[in-house]
Amino acid sequence: MTAQRLTVVIAAHNEALALPLLHPRLRAVLDGLDAIEGRVLYIDDGSSDATWSVMQALAAADPGVGVLRLSRNFGKEAALTAGLDFVDDGAVIILDADGQDPPELIPQFVALWQQGYDNVYGTRLARDGESWLKRSAAAAFYRVIGRLSKTPIPADTGDFRLLSPRALQALGQLRERHRFMKGLFGWVGFRRKALPYHRHARMVGDSKFGLWKLWNFALEGITGFSTAPLRVTTYLGLFTASVAFVFAVWVVAKAAMYGDRVAGWPTMMAAILFLGGVQLIALGLIGEYLGRLYEESKQRPLYLVDTWQPPIVADSAMHPIGGEQRDDHGTTAVGRQVP
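Model, not experiment: these values are computed from the prediction.

Student: Requested: an account of the overall build of the protein, with residues and values cited.
Tutor: When helices and strands are counted, the protein shows ten helices and eight strands. Expressed as a percentage of its 339 residues, the buried residues of the protein come to 44%. Contacts in the protein between residues far apart in sequence, at least 24 positions, make up 82% of those at least 6 positions apart. Of the roughly 17500 Å² that the protein leaves accessible, carbon and sulfur atoms contribute 62%.

Dropping the structure here:
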């Protein structure tokens, strides 16, 4: 019987201390899978520490490890896209490099995949090592985007998931530049299944996502998968105009009946500031969506590859796709391969 292929995709930025701790756990899990050919693909997203050297050492010691280095830091979403693009056979599991998502759960993901599910995602029951503010902000974000977006985005769910071959192929056709991967995972559809788990604290080091980055990430997700903010500003404008019209009628009627001996400076300033604030909010929201259109219109590659080192195994399912422009059928633009 031919073994099914499973590739674990791990994007890392400045994780030189975490990777040596994570890889032995991961290799032990993959070696214990029955009838599964397990591989690992590490992506260095422009790290400034020794992450790339650590990845090369892991690849030299383990023939089932491939490493991919991007030309600079393109961000986690682009790095994940690069890793998924370089796997064109079998299923994939996306895993964070910090060890918060336990690789020991991989057999449970695989079991659900073998039952016919295409998108098995881990749902966090608890989040160790994170502040109350960060946990509360994350919970609020998932509830908000769940109500605003028509795309199903499960609450308390990150990138820790398994994608079947057909889900991976479908995801490869989505090439927008502003990438909110959690939304893209939901957009492709197919059979989905949640796997609840307890998320641990980081093994070592500090999180690369502060509150400011998380705020911008939330804006990316909301504007990428919902036009509700624009609709809200429309309703707010209609409401403000209605209130202003009623107020104007009242001012004219009052002046006609009783006169207006006192200048309405406070009322006038309050109205001007309120209307000005509403207009600025509306312009800001329009600017967010206009900026997305501007970025998409430039049609730049999602990432560029510096170095690609495939696993040292026969019949490798991972290969560079350098120099080709991604079209509607899923070919990718990654730049010229550097040996």
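From this point on, the discussion continues.
Student: I'd like a description of the pattern of salt bridges, backed by residues and values.
Tutor: Under the defined criterion, the tally for this structure stands at eleven salt bridges. For Arg 25, the salt bridge identified is with Glu 104, shortest N-O distance 2.9 Å. Here the residue Arg 25 occupies a position in helix H1 (residues 19-31), and Glu 104 occupies one in the loop between strand S4 (91-94) and helix H4 (106-114), the gap between them amounting to 79 residues. What makes Arg 25 partly exposed here is its relative accessible area of 25%. The closest approach of N and O atoms between Glu 37 and Arg 39, which form a salt bridge, is 2.4 Å. In this structure Arg 39 comes out as buried when scored by relative accessible area, which is 2%.

Student: Give a description of the packing of H1 against helix H2 (residues 51-61) that names residues and reports values.
Tutor: Relative orientation of the contacting elements H1 and H2 amounts to 25°, with a least axis distance of 10 Å. The pairing of H1 with H2 is recorded here as roughly parallel in orientation. H2 is crossed by H1, and the crossing has right-handed handedness. Each of Leu 19, Pro 20 and His 23 in H1 lies in contact with H2, whose residues at this interface are Thr 51, Val 54, Met 55 and Leu 58. Across the contact of H1 with H2, the residue classes tally to five nonpolar, two polar and no charged.

Student: Can you tell me about the nonpolar core, naming the residues and giving the values?
Tutor: One finds Leu 6, Ile 10, Leu 26, Tyr 42, Ile 106 and Leu 162 to be the most contacted residues of the largest nonpolar core, which totals 37 residues. Those residues in contact with Leu 26, other than ones at most four positions away along the chain, are Val 8, Ile 10, Val 40, Tyr 42, Leu 95, Pro 103 and Ile 106. Counting 30 residues, the second largest nonpolar core, distinct from the first, contains Ile 43, Leu 68, Leu 80 and Leu 168.

Student: Tell me about the side chain of Asp 45, and please be specific about residues and values.
Tutor: Locating Asp 45 in the fold gives a position in the loop between strand S2 (36-44) and H2. Buried within the structure, Asp 45 lacks any salt-bridge partner; its nearest side chain of opposite charge belongs to Arg 72, at an N-O separation of 7.0 Å.

Student: Help me get a handle on H2, residues and values and all.
Tutor: Burial in H2 covers these residues: Thr 51, Trp 52, Val 54, Met 55, Leu 58 and Ala 59. Projection of H2 onto a plane perpendicular to its axis shows the buried side chains occupying an angular sector of 160°, all on one side. Set apart from the buried face of H2 by more than 90 degrees, the exposed residues are Ala 60 and Ala 61. Along its buried surface, H2 packs onto strand S1 (4-12), H1, S2, strand S3 (65-70) and strand S8 (305-309).

Student: Help me get a handle on a nonpolar patch on the surface, residues and values and all.
Tutor: On the surface, Leu 236, Phe 239 and Val 243 cluster together into a nonpolar patch covering about 260 Å² of accessible area. Within the secondary structure, Phe 239 sits in helix H9 (residues 228-258).

Student: Break down the pairing of S3 for me, citing the residues and quoting the values.
Tutor: Burial of S3 is extensive: five of the six residues sit out of reach of the surface. Pairing of S2 with S3, which is carried by five bridges, proceeds in the parallel orientation. Paired with Leu 41 across the bridge in S3 is Gly 66. You can see the chain leave S2, run along H2 and come back into S3, and the turn it takes is right-handed. Relative to S8, S3 runs antiparallel, the two being bridged by four bridges. Bridge pairing links Arg 69 to Thr 307 in S8.

Student: A description of the environment of Leu 125 should follow, citing residues and the corresponding values.
Tutor: Along the chain, the position of Leu 125 falls in strand S5 (residues 119-127). Using a relative accessible area of 65% as the deciding quantity, one classes Leu 125 as exposed. Once the C-alpha coordinates of Leu 125 and Pro 196 are considered, the two residues, 71 residues apart in sequence, prove to be 6.2 Å apart. What Leu 125 contacts, discounting residues up to four positions off in sequence, is Pro 196 and Tyr 197.

Calculation rules
- Residues numbered from 1 in each chain as written.
- Predicted model: local features only at pLDDT ≥ 70, side-chain atom pairs only at ≥ 80, totals over all residues.
- Heavy atoms only, no water.
- Helix = DSSP H or I, 4+ residues; strand = E, 2+ residues; numbered from the N terminus.
- Buried < 20%, exposed > 50% of the residue type's maximum accessible area, 1.4 Å probe, protein only.
- Contact = heavy atoms within 4.5 Å.
- Areas by Shrake-Rupley, 256 points an atom, 1.4 Å probe, with all protein chains shown as cover.
- Salt bridge = Lys/Arg side-chain N within 4 Å of Asp/Glu carboxyl O.
- Axes fitted to C-alpha atoms, helices over the stretch in contact; angles between N-to-C directions.
- Parallel < 35°, antiparallel > 145°, perpendicular 65-115°, else oblique.
- Left-handed = near helix turned anticlockwise from the far one by under 90°.
- Nonpolar A, V, L, I, M, F, W, Y, C, P; charged D, E, K, R; others polar.
- Core = buried A, V, L, I, M, F, W, Y, C linked by side-chain atoms within 4.5 Å.
- Lys, Arg positive; Asp, Glu negative; His and termini not counted.
- Arc of directions from axis to C-beta.
- Patch = residues over 30% accessible without salt bridge, like charges linked within 9 Å, V, L, I, M, F, W, Y side chains within 5 Å.
- Pairing = 2+ DSSP bridges.
- Right-handed = clockwise from strand over helix to strand, strands pointing away.

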